[in-house]
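Commentary on secondary and tertiary structure
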Amino acid sequence: MNWTRLNLVDGFMWSFMAGIVSCGTANAGDVLPFDDQERALIESHGPWPPAFVKDPSNRLSGNQSAIELGRLLFFNRRLAVDGTLSCATCHRPATGFTDGLKTAVGRSNLPRNTPGLVNLRWARWYGWGGGADSLWAQSIRPIVAPQEMASSGGPIKRLLSVDKNLACLYNKTSAVNFDEQTDEQVLVGAAKALAAFQETLVTGATPFDKFRIALLAGPSNPTTKYPLNAQRGLKLFIGKGQCNLCHFGPLFTNGEFGDIGIPFFIGNGKVDKGRYGGLQNLKTTRFSLTGIHSDDATKQSALKVRHLALQDRNWGEFKVPSLRNVAETAPYMHNGSLASLADVVRHYSEIDEERLHVDGEKILKPLRLTERESSDLVAFLKTLSAPLLQTTHVTRRSPVCSPVN
Amino acid sequence: MKIWMATLIAGFLAVPSLAADRVLIDGHVHYSHDAWEMLPPKAAIKVLREAGLKKVFVSSSSDEGTQMLYRQAPDIIVPVLRPYRKRGELSTWFRDETVDDMIADRLSKNTYAGIGEFHIFGADTDLPVVRNIVKLANTHKVFLHAHSDSDAVDRIFAQDPEARVLWAHSGFVAPQAIAEMLAKHKNLWSDLAFRSEQSDDGKVPEPWRKVFTDFPDRFVIGTDTYTPERWYYLVDHANWSRQWLNDLPNELADKIAFKNAETLMNWALNK
């Protein structure tokens, strides 16, 4: 079967053909009909990856010494005050840079699910509540949080002074003499190196990306083998499901926040304020793009923070996550309350409208998906995964740093 | 712990009332069954007191939640009767002819300042169930807390020009449109629940300042605890409200903060 022939069949014929193809298997070239609007929507989910542009607020962005320093720090348990936790303790490379747990465990149990760390350079806000406006600011949070690494600038400066390799790398990244830097400046410097490393965690082309390219190339081009159930799921994603209204663009996210009816109690008498708490943090923290630690002399990157205002709707809103590599990062939602992608689809299919304000998330209505539709949607989501573009630098043995002088 | 470390993690933590100086009455609180399961009456009242609220207009699905809170703290709870026996009746209640009997029965047995918050829009307002609710409000001298569009508010006043209506969320219309409705209906009060535009980082924008100034006796603040978690928003919301109220002349701020709600409440309760 080729693309041209399927484009010509009518809806009945399509339904008939789809019905006899079991388990979503497809031969190379099997493509469901996508109309112009659908093709435009599919096109909007690429190209991938976007161009890398250095973070203007982080002088170490794209700096090779900083990337190496960040990599070493990422796996270094001495970042924690008692030497028991590294970033990789929770963000394990083998499990999509998550821990696979419902909610994270630091020095004690934490209320939120550990998010994956891929493709972060293009994020707008960081953390489930968006309490950080840059990747380097977000990287400070777990280092100093009492329930996580419980450290501070002093111990981080000592670590970077006693470890010769780290000290060598740090000095290569800094224009200022190490001894003249304050504890806080060193903490920020370490966080910027961690950010530089995390910026390199970019995923490659997914089965969806390959299908997208082939589809847009037109009927005269051979298409990649892309399962028919995933194609049906894609139609739902951009059609009946309207998933793409929030999960749009190459990253499959609008980068903002929403209330999708997930409870946000975190124990007796406590709630996770979500975006509301994130905004309160952004308005008070020293570590934001409006603060003294941003390297963006133009302060253009701070514009997004300057006019933020607390709104009623922000209470209990959480970040709309990217769906790239979503299949690798179960469980789901800010509190890890949904164990599988099937559970996520079921949540949207049966969403409890009573938990949503009637004038809030107007686009959320129960999708009432059939069993096959749910299965197709999951099949599509599973095609959004791909390995990192570069993997060797994550785990390789580190060469010894050679001082500049 | 250094100050910047404390502020970094503050986003996770509930903060106590920061500005208990200005008295507030919250005109829009619900305490439905899922709220009382997560937050028993004693704990709920503790939250209200932490927020520094003088009084709170409470309604719930079912009414049992309101009654539990009222029994726990009659000094702070102002009961309002919702026509919903349970969640999920928001878009069906106005065709359910058993609702009127339920409302009449409860009004005769318990103390209430109002009927609501109910959701009604457009021509549905003229359905028999809603007409009876408007009549019952008149008979028992209680206000109507209506989550409605302007058309529905007009229809309520067409049915009973002497009705008193607390307009939930002020219909989610712009300040100028609220002003037009307030000018048209002398017994209309505007609740500001789930509205944020009246504060721009603590400053009241000019269109809002104008409508507040033009109708100083008609606005009421509110939170809308439509999910149980939002009970913990009461504290933050109270502090946020005090912040923008402080940007208004003191006398006007006090009217919006509590005096207008008190006037409406006293009209209903001091019969």
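What you see as residue numbers is a count from 1 along each chain, following the sequence as written. Each chain takes a letter, starting from A, and each ligand takes a number, starting from 1, following the order in which they are written. Two thresholds apply to this predicted model, a pLDDT of at least 70 for residue-level local features and 80 or more for giving and counting side-chain atom pairs, whereas whole-chain, interface and lining totals are computed over all residues.

Right, let's talk about the overall build of chain A for a bit. Under the scheme used here, helices are H or I runs from DSSP no shorter than 4 residues and strands are E runs no shorter than 2 residues, and both carry numbers assigned from the N terminus. The helix and strand inventory of chain A stands at 16 helices and two strands. Counting other C-beta atoms within 10 Å of a residue's C-beta gives its exposure: the residue is buried at 20 or more, exposed at 12 or fewer, and partly exposed in between, where C-beta atoms are placed from the backbone. Looking at the 405 residues of chain A, the share that counts as buried comes to 45%. In this description, any two residues whose backbone-derived C-beta atoms lie within 7 Å of each other are considered to be in contact. If you take every contact in chain A between residues at least 6 apart in sequence, the share linking residues at least 24 apart comes to 74%.

Across its full length, chain B holds eleven helices and eight strands. Scaling as 2.2 N^0.38, a compact globule of 271 residues should have a C-alpha radius of gyration of about 18 Å, and chain B matches this with 18 Å. Overall size of chain B, expressed as C-alpha extent along the three principal axes, is 65 × 40 × 30 Å. In chain B, which comprises 271 residues, the proportion classed as buried is 49%. Pairs at least 24 residues apart make up 73% of the contacts formed inside chain B by residues separated by at least 6 positions. For the radius of gyration, the atom set is restricted to C-alpha positions; the globular benchmark scales as 2.2 Å times the number of residues to the power 0.38.

In predicted models, pLDDT denotes the confidence assigned by the predictor to each residue on a 0 to 100 scale. Mean pLDDT over chain A: 89, with 88% of residues reaching 70 or higher. Long-range and interchain partners of residues 1–23 of chain A, a stretch whose pLDDT sits below 50, account for 21 contacts in this model, where long-range means more than four residues apart.

Now for helix α8 (residues 164–173) of chain A. Residue and element names in this part refer to chain A. Of the positions making up α8, those classed as buried are Leu166, Leu169, Tyr170 and Thr173. Angular distribution of buried residues about the axis of α8 spans 100°; they occupy a single face of the element. For α8, the secondary structure elements touched by its buried residues are α4 (64–74), α7 (153–162) and α9 (183–198). In this context, the arc is that of the directions from the helix axis out to the C-beta atoms.

Within the fold, aspartate 63 of chain B resides in the loop between β2 (53–59) and α4 (64–72). With 17 residues separating them along the chain, aspartate 63 of chain B and valine 80 of chain B place their C-alpha atoms 8.5 Å apart.

Here we come to the sheet that holds strand β1 (residues 24–30) of chain B. Residue and element names in this part refer to chain B. A pair of strands is labelled paired if DSSP reports no fewer than 2 bridges between them. With parallel pairing, eight strands are arranged side by side in an open sheet as β1-β2-β3-β4-β5-β6-β7-β8. The sheet is open, and its two borders are formed by β1 and β8 (219–220), each paired with just one other strand. Here six bridges tie strand β4 (residues 114–120) to strand β5 (residues 143–148), and the two strands are oriented parallel to one another. Bridge pairing in β5 places phenylalanine 118 opposite alanine 146.

Another point: the interface of chain B and chain A. Tallying the contact residues gives 28 residues for chain B and 34 residues for chain A. Elements that contribute at least two residues to the side of chain B that touches chain A include exactly α1 (3–9) and α10 (233–245) of chain B. It is α1 of chain B that provides the largest number of residues to the side of chain B that touches chain A, a total of five residues. Tallied by class, residues from the side of chain B that touches chain A come to 15 nonpolar, seven polar and six charged. Under the grouping applied here, Gly and all other residues not named as nonpolar or charged are polar, the nonpolar ones being Ala, Val, Leu, Ile, Met, Phe, Trp, Tyr, Cys and Pro and the charged ones Asp, Glu, Lys and Arg.

Geometrically, the link from tryptophan 48 of chain A to proline 49 of chain A is a cis peptide bond, its omega value of -5° lying close to zero. With an omega of -15°, the peptide bond between glycine 116 of chain B and glutamate 117 of chain B qualifies as cis. Within the fold, glutamate 117 of chain B resides in strand β4. In this structure, asparagine 119 of chain A is a non-glycine residue whose phi angle is positive, near 60°. Note that asparagine 119 of chain A resides in the loop between α5 (87–90) and α6 (135–144). Residue histidine 169 of chain B is not a glycine yet carries a positive backbone phi of 55°. Within the secondary structure, histidine 169 of chain B is located in the loop between β6 (165–167) and α8 (175–184). Note on histidine 169 of chain B: 22 C-beta atoms within 10 Å, which makes it buried.

In this section: the environment of lysine 102 of chain A. Residue and element names in this part refer to chain A. Locating lysine 102 in the fold gives a position in the loop between α5 and α6. What makes lysine 102 partly exposed here is the crowd of 19 C-beta atoms within 10 Å. In contact with lysine 102, not counting residues within four places along its chain, are Asn113, Pro331 and Gly336.

Residue and element names in this part refer to chain A. Where each domain begins and ends follows an automated or database-derived domain assignment. Segmentation of chain A into domains returns domain 1 (1–49 + 206–256 + 327–405) and domain 2 (55–202 + 275–315). Every contact between the two is made by 22 residues of domain 1 and, on the other side, 28 residues of domain 2. Among the residues making up the side of domain 1 that touches domain 2, the classes are represented as eleven nonpolar, ten polar and one charged.

All names here are of chain B. Of all the residues in α8, the buried ones are Pro175, Ile178, Met181 and Leu182. Taken down its axis, α8 places every buried residue within 120° of arc, on the same side. Opposite the packed face of α8, turned more than 90 degrees from it, sit the exposed residues Gln176, Ala183 and Lys184. Elements that come into contact with the buried residues of α8 comprise α7 (150–159), β7 (188–191) and α9 (206–214).

Right, let's talk about the pairing of β2 of chain B for a bit. Residues and elements named next belong to chain B. Burial within β2 is extensive, with six of its seven residues counted as buried. In terms of strand pairing, β1 meets β2 through five bridges, oriented parallel. Residue leucine 24 lies in a different strand from β2, and its bridge partner there is leucine 53. In this structure, β2 lies alongside strand β3 (residues 77–81), joined through three bridges in parallel fashion. Each bridged residue has a counterpart across the sheet, and for valine 58 the counterpart in β3 is proline 79.

Okay, the confidence of the model for chain B next. In this model, chain B carries an average pLDDT of 91, and 93% of its residues clear a pLDDT of 70 or more. Counted against residues more than four places away or in other chains, residues 1–19 of chain B, with its pLDDT under 50, gives 40 contacts.

Next up on the list: the pairing of β7 of chain B. As a general feature of sheets, a regular strand has side chains that alternate between the two faces. Residue and element names in this part refer to chain B. Residues Leu188 and Ser190 point to one face of β7 and Trp189 and Asp191 to the other, with burial holding for every one of them. Note: β6 against β7, three bridges, orientation parallel. Residue pairing in the sheet places leucine 166 in a bridge with tryptophan 189 of β7. Of the crossover connections in this fold, the one passing from β6 over α8 to the parallel β7 is right-handed. In terms of strand pairing, β7 meets β8 through two bridges, oriented parallel. For the handedness criterion, the strands are oriented away from the viewer, and a crossover whose path from the first strand over the helix to the second runs clockwise is classed as right-handed.

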